[in-house]
Amino acid sequence: MNSAQWFERAQKVIPGGVNSPVRAFNGVGGTPVYFKSGKGVKVQTEDGTELIDFCGSWGPLILGHARDEVVDVVAKTAADGLTFGANTALETEFAELITTLIPEMEMVRLVSSGTEAVMSAIRLARGYTGRRKIIKFDGCYHGHSDYLLVAAGSGLLTGGSTSSAGVSPAATEEVFVAPYNDLAAVQKILKTHGDEIAAVIVEPIAGNMGLVEPVAGFLEGLREATAECGALLIFDEVINGFRLGATTFGHTIGLEPDLTTLGKIIGGGMPIGAFGGRAEIMKQLAPLGPVYQAGTLSGNPVAVAAGMKTLELLRDESPYLKIEILGKRLADGINRIAEEKGLNLHCAQRGGMFTPFFRKEAVHNLDDSKACDQKAHATYFHHMLNHGFYTPPSGFEVAFVSAAHTTEDIDAFLEAFEKM
Ligand code: KE4
C-alpha cells in the first residue's frame, strides 16, 4: 500500500486520518506522506521514496533520526522494564542533569508532553500566586489545554481558526491575548489587571507562526513588568530548549523566567515534557504543596533514557556551531536565489530553525505571518517534496537543520529550490 491508500484507510478509524491535525496537510493540500523508517537525515516512505527530512518530527530530532547511541540505550532500558510507576534512580540522575544544564531550574517535574508541561506550569502559577488570569501572545502555541487554545498558533492556523470549539468561555475569560513583540500592549493590560495576573507565558523565540524572533527589549520588558506586578513569567521552551545551546534560551541570554517548560529535544524522540523553576515555587506541587499534578508514565524509564542520552550527547558534542553554520548557509542561499529570481519571499533563520516567509517584509507577529502568501508556500512545499526534501507541511511552522545534516544536504536543498 502507498501513502494515499494508507490515508484512505486511516480516515475510517482515526479522525481526519491523523493523530495530530497539522499532519493532515491542510496547510499545503495533497495527501500526507506516510513514513516507514528514518536514519540520520533520511526517511523512507510508504511510496518507496527516500526524503531528506527538515521537519525532524517538529523539533525533537536535533541529532537526526534513530541516532545509534539513543536507540541502543532505549533498547537496553526497555529490556529491563518498560515502566514501573515507581521511583527510579534514572529519573533522579536526569533531573540532576537538567538542573545542572539549566541553573535557573532548581527543581524540575517530568511529564509526557509539552502540553502537559505547560498546563501544569500554568496551574502551578495560579496556585502559587492565588491569581486566575494569564496573558499569552497571539500566534504562540502552548499545547492544547483549554485555556491556551485562544489565539493559538501551529495547527490551529492551518485549520483557519485560532481558538477551538469545546473550550468553555469560563476558561478563556481568564486569558488576555496580546500581539507578539508588543510590550506596550502587555503593559496596558497589567496597568488595569496587574494584580489579577498569575502568569505571562511566551515562546522566547516564537515557532508556531513561523520563526519569529523577539525584538530588542521585548523579553526583558516582560521580565520587568511581571516582576513589578507579582505575576510569574513562564518561558515556554518546548521548541527553544536545547535548540541553540545545551541549555535554555533564557539561560543563554541571561534572562531568568520564574518557570520554564520543556519538551521535544529533552525526550530525544520519546514522549517527555518537563517544567521547572525556583524551589520555592516548585514546592507548591503535590505531594509537598496544594497544587495537584500527576502522571502514570511521568519519568518513564525508557523515555528518560532516550532524553538523558540525547542531552549528554548535546552537552559533550555541542553540535550548535555546526548547526548554525548550516542553517545560515541554507537561509542565505534561499535569500540569494529569491533575489536573483525575484521571488516574493525571505527566509528567517536562527541556529537550525528556519522558515521561508512568502513576503519580502520582515515578520514580527501573527498578523505579519498571516499576510504571507500561503499558496506560494504550498507550491514551495510540494516542489521540494517532489525533489526529495520534506519540510513542515505548514507555513506557520519552523523547519529544522539537525546535527546529522551536512553541507552536501544543504547544497542539494538549494539546488532543488533553485528550480522553483
Ligand atoms: P506537545 O504537547 O505537542 O508535546 O507540545 C505542545 C507545545 C508546547 N509549546 C510549544 C512552544 C510547542 O511548539 C508545542 C508543540 N509544537 C507543535 C508544532 N509546532 C507540535 C506539532 C503537533 O501539534 O503535531
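Look a little higher up for the structure.
Worth saying up front: this structure is predicted, and the values here are computed from it rather than measured.

Undergrad: Honestly, the site of the ligand in this entry has me stumped. Any pointers?
TA: What surrounds the ligand is a group of 17 residues, the closest being Ser20, Thr115, Asn208, Asp236 and Glu397. One nitrogen or oxygen atom from the main chain of glycine 114 is found 2.9 Å from an oxygen atom belonging to the ligand. In this structure, a nitrogen atom belonging to the ligand sits 2.6 Å away from a side-chain N or O atom of asparagine 208. When isolated, the ligand has an accessible area of 530 Å², and the protein chains bury 86% of it. When grouped by side-chain class, the residues that make up the shell around the ligand number 5 nonpolar, 8 polar and 4 charged. Mapped onto the domain boundaries, the shell around the ligand takes at least three residues apiece from domain 1 (3–54 + 319–418) and domain 2 (68–316).

Undergrad: Would you mind going over the packing of aromatic side chains with me for this structure?
TA: What describes a pair of aromatic rings is the distance from one ring centre to the other and the angle between the planes of the rings. One pass over the full model with this rule turns up 13 aromatic pairs. A ring pair is formed by phenylalanine 35 and tyrosine 390, whose centres lie 4.9 Å apart and whose planes are at 75°; its orientation type is edge-to-face. Remark: tyrosine 390 occurs in strand β13 (residues 389–390) and phenylalanine 35 occurs in strand β1 (residues 35–39); sequence separation between them is 355 residues. Look at tyrosine 390 and you get buried, because its relative accessible area is 8%.

Undergrad: In this structure, what is going on with the packing of helix α3 (residues 89–101) against helix α11 (residues 301–317)? I would like to understand it.
TA: Two measures define how a pair of helices packs: the angle their axes make with one another and the distance between the axes. At a minimum axis separation of 10 Å, α3 and α11 run at an interaxial angle of 35°. For the element pair α3 and α11, the recorded crossing hand is left-handed. Two secondary-structure elements touch here, α3 through Leu90, Glu91, Glu93, Phe94, Leu97, Ile98 and Leu101 and α11 through Pro301, Val304, Ala305, Gly307, Met308, Leu311, Glu312 and Arg315. Residue composition of the contact of α3 with α11, grouped by class: 10 nonpolar, 1 polar and 4 charged.

Undergrad: Is there a simple way to explain the packing of helix α7 (residues 183–193) against helix α8 (residues 218–229) in this structure?
TA: Two elements in contact, α7 and α8, have axes whose closest approach is 10 Å; the angle formed by their N-to-C orientations is 10°. Classed by the angle they form, the pair α7 and α8 counts as roughly parallel. For the pair formed by α7 and α8, the contact residues are Leu183, Val186 and Leu190 on the first element and Phe218, Gly221, Leu222, Ala225 and Cys229 on the second.

Undergrad: Sorry, what's going on with unusual backbone geometry here?
TA: Backbone geometry follows two general trends: most residues other than glycine have a negative phi, and most peptide bonds adopt the trans configuration. Residue alanine 286 is joined to proline 287 through a cis peptide bond whose omega torsion reads 10°. With respect to the element layout, proline 287 can be found in the loop between α10 (279–282) and α11. One non-glycine residue, phenylalanine 25, lies in the positive phi region at around 70°. Checked against the element boundaries, phenylalanine 25 lands in the loop between α1 (3–10) and β1. In the Ramachandran plot, alanine 66 falls in the positive-phi region, its phi being about 50° despite a non-glycine side chain. Tracing the sequence through the fold places alanine 66 in the loop between β3 (50–53) and α2 (68–79). Note on alanine 66: relative accessible area 29%, which makes it partly exposed.

Undergrad: Can you help me understand the nonpolar core in this one?
TA: Side chains that are nonpolar tend, in soluble globular proteins, to be buried together. Counting 37 residues, the largest nonpolar core has Phe137, Tyr180, Val202, Phe218, Leu219 and Leu222 as its most contacted members. When contributions to this core are tallied by element, the ones reaching two or more residues are β5 (133–138), α7, β7 (197–202), α8, β8 (232–236) and β12 (353–357). When near neighbours in sequence (up to four residues on either side) are disregarded, leucine 222 contacts Phe137, Leu183, Val186, Val200, Val202 and Leu233. Formed by 29 residues, the second largest nonpolar core is a distinct cluster that contains Phe242, Ile266, Val302 and Leu313.

Undergrad: Quick question: what am I supposed to make of α2 here?
TA: Each turn of an α-helix holds 3.6 residues, which means side chains three or four residues apart point in the same direction. For α2, spanning 12 residues, the distance from its first C-alpha to its last is 17 Å, which sits close to the expected 16 Å at 1.5 Å a residue. Buried within α2 are the following residues: Val70, Val74 and Thr77. Buried residues along α2 cover an arc of 75° about the axis, so they all sit on one side. What points out from α2, more than 90 degrees from its buried face, is the exposed set Asp72, Lys76 and Ala79. Looking at the packing, one finds that the buried side of α2 touches α11. Backbone geometry just after α2 places glycine 81 at a positive phi near 130°.

Undergrad: Looking at this structure, how should I read the sheet that holds β3?
TA: Remark on secondary structure: sheet strands pair via backbone hydrogen bonds, oriented parallel or antiparallel. Strands sit in the order β1-β2-β3-β13 across an open sheet of 4 strands; the sheet is mixed. The outermost strands of the open sheet, each flanked by one partner alone, are β1 and β13. The pairing of β1 with strand β2 (residues 42–45) spans 4 bridges and is classified as antiparallel. Among the inter-strand pairings, phenylalanine 35 is bridged to a residue of β2, identified as threonine 45.

Undergrad: Explain the pattern of salt bridges to me, please; I cannot follow it from the model alone.
TA: If the charged atoms of two oppositely charged side chains come close together, the side chains can form a pair. Considering all chains together, one arrives at 20 salt bridges under this definition. Its salt-bridge partner being glutamate 339, residue lysine 360 comes within 3.4 Å of it at the nearest N-O pair. Pair noted here: lysine 360 is in the loop between β12 and α13 (366–370) and glutamate 339 is in helix α12 (residues 320–341), with a separation of 21 residues, a long-range link. A relative accessible area of 37% means that lysine 360 is categorised as partly exposed. In the salt-bridge network here, residues are joined through shared partners; they are Arg223, Asp258, Arg278 and Glu280.

Scoring rules and cut-offs
- Residues numbered from 1 in each chain as written.
- Predicted model: local features only at pLDDT ≥ 70, side-chain atom pairs only at ≥ 80, totals over all residues.
- Heavy atoms only, no water.
- Near = heavy atom within 4 Å.
- Polar contact = N/O pair within 3.5 Å; in protein donor to acceptor, adjacent residues only side chain to side chain.
- Areas by Shrake-Rupley, 256 points an atom, 1.4 Å probe, with all protein chains shown as cover.
- Nonpolar A, V, L, I, M, F, W, Y, C, P; charged D, E, K, R; others polar.
- Domains from an automatic or database assignment.
- Phe/Tyr/Trp six-rings, centres within 6.5 Å; stacked < 30°, edge-to-face > 60°.
- Helix = DSSP H or I, 4+ residues; strand = E, 2+ residues; numbered from the N terminus.
- Buried < 20%, exposed > 50% of the residue type's maximum accessible area, 1.4 Å probe, protein only.
- Axes fitted to C-alpha atoms, helices over the stretch in contact; angles between N-to-C directions.
- Left-handed = near helix turned anticlockwise from the far one by under 90°.
- Contact = heavy atoms within 4.5 Å.
- Parallel < 35°, antiparallel > 145°, perpendicular 65-115°, else oblique.
- Core = buried A, V, L, I, M, F, W, Y, C linked by side-chain atoms within 4.5 Å.
- Expected span 1.5 Å × (residues − 1).
- Arc of directions from axis to C-beta.
- Pairing = 2+ DSSP bridges.
- Salt bridge = Lys/Arg side-chain N within 4 Å of Asp/Glu carboxyl O.

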